[in-house]
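# Architecture at a glance
Single-letter residue listing:
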Amino acid sequence: MTKHPMHTLYPLILCTAFSALHMQGKEQPHIKLESKMLALVDGSFVNADTVEHIRIFQRDIINILWGDKGQGNAREARYLFDGKKFGAQQLATFEDELASMRDVLSPQEFADLHTQLNRCLLEMKKDMLESSNKLKTIAAGSKGTMGVLIEEDCEKRSNKNSVLFIWAKAKEEEEDVIFDRHVKTVRDFYTFSIDLLNFLGDLVYSCPRAVQQFEQRIQKWEKIKSIMPSLSISAQQEKEFLKHVKINHLDKLSLGDITPGKLKSLAAEFIHS
């Protein structure tokens, strides 16, 4: 690949892209969805499990856009471009600025940069689809409900041109095809990701019973972990026991039920089963 003079691009593109890293996108304050469907699904279909999976998915999207958290909460971007790693937001900025750089770069250099951006875009889309599969396991068969809520969200945000709005009208089996067909640039990807983050945030914000279930689950989980050292079981047994408790007991126990005695009883039953 022809090596292009990146030093000529740094003043115009790199400074903008690096400063964009700290902007954290265009996520907006949450809005409340008011569909009558929410009264039926909040706390049932949309429950603590749903909120937990959504939070994980939101974290995955943020990692794609701005990088994975490392030591000291610093983020390390994922996508290699011209020998450096960038997040989707930074690369969208590159892409926007690159359109004005035709006179600075040779045709080959310009094409090389676009080839790299397209490779990064394919990696982003792959990461997004793999992450979304985690959510599909609990959203299977709910396309009708989710579609109505997405449409309401896009309408309230005056965002009917969003790929998310188009996706909401697609058949469930066509979702990935719609995503691939309409997300052709890094900027498309970034805009879709922000729209998706906004919707997921609005959905959780509009389901207070599900959020309460999730918060109660966290309180119970933290209490269980605080008691674990007193059980004096091996690290491997503790890991397996915690997994067992989360699957089989966590949602059945009240906060008051979680005592050293109760956990010792459950641990003895688990170890000797």
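Computed from a prediction, not measured in an experiment: that's the story for all the values here.

Criteria and thresholds
Residues numbered from 1 in each chain as written. Predicted model: local features only at pLDDT ≥ 70, side-chain atom pairs only at ≥ 80, totals over all residues. Heavy atoms only, no water. Phe/Tyr/Trp six-rings, centres within 6.5 Å; stacked < 30°, edge-to-face > 60°. Buried < 20%, exposed > 50% of the residue type's maximum accessible area, 1.4 Å probe, protein only. Helix = DSSP H or I, 4+ residues; strand = E, 2+ residues; numbered from the N terminus. Contact = heavy atoms within 4.5 Å. Salt bridge = Lys/Arg side-chain N within 4 Å of Asp/Glu carboxyl O. Axes fitted to C-alpha atoms, helices over the stretch in contact; angles between N-to-C directions. Parallel < 35°, antiparallel > 145°, perpendicular 65-115°, else oblique. Nonpolar A, V, L, I, M, F, W, Y, C, P; charged D, E, K, R; others polar.

## A look at the packing of aromatic side chains
On inspection of all chains with the given rule, the structure shows six aromatic pairs. Relative to phenylalanine 86, the ring of phenylalanine 81 has its centre 6.2 Å away and its plane inclined at 75°; by these criteria the two rings are edge-to-face. The same class applies to phenylalanine 81 as to phenylalanine 86, namely buried. Taking 5.1 Å as the distance between ring centres and 40° as the angle between the ring planes, the aromatic pair formed by phenylalanine 81 and phenylalanine 94 counts as tilted. Linking phenylalanine 81 in strand 3 (residues 79-81) with phenylalanine 94 in helix 4 (residues 88-98), this pair joins segments that are 13 residues apart in sequence. Both residues of the pair, phenylalanine 81 and phenylalanine 94, count as buried. One aromatic cluster is present, built from ring pairs that chain together Phe81, Phe86 and Phe94.

## Notes on the environment of histidine 249
Inspection of the secondary structure assignment puts histidine 249 in the loop between helix 11 (235-248) and helix 12 (260-271). Of the residues examined, histidine 249 reaches a relative accessible area of 18% and is grouped as buried. Separated by 17 residues in the primary sequence, histidine 249 and leucine 266 place their C-alpha atoms 9.2 Å from one another. Those residues in contact with histidine 249 that sit more than four places away from it in its chain are His244 and Leu266.

## A short note on the pattern of salt bridges
Counted by the stated rule, this structure contains 18 salt bridges. With a shortest N-O distance of 3.2 Å, aspartate 127 and arginine 78 are connected by a salt bridge. In this pair, aspartate 127 sits in helix 5 (residues 107-139) while arginine 78 sits in the loop between strand 2 (75-76) and strand 3, placing the two residues 49 residues apart along the sequence. Take arginine 78: its relative accessible area is 28%, and that puts it in the partly exposed class. Note that lysine 225 is salt-bridged to glutamate 222, the shortest N-O span being 3.6 Å. Of this pair, lysine 225 and glutamate 222 both sit in helix 10 (residues 208-227), three residues apart, which is roughly one turn of the helix. Linked by salt bridges that have partners in common, Asp49, Glu52, Arg217, Lys246 and Asp251 make up one network.

## Some details on the packing of helix 11 against helix 12
Closest axis-to-axis distance for the helix 11/helix 12 pair is 11 Å, and the angle between their directions is 105°. Considering their axes alone, helix 11 and helix 12 lie roughly perpendicular with respect to each other. Along the contact surface, helix 11 presents Gln237, Glu240, Phe241 and His244, while helix 12 presents Leu263, Leu266, Ala267, Phe270 and Ile271. Classifying every residue of the contact of helix 11 with helix 12 by side-chain character gives six nonpolar, two polar and one charged.

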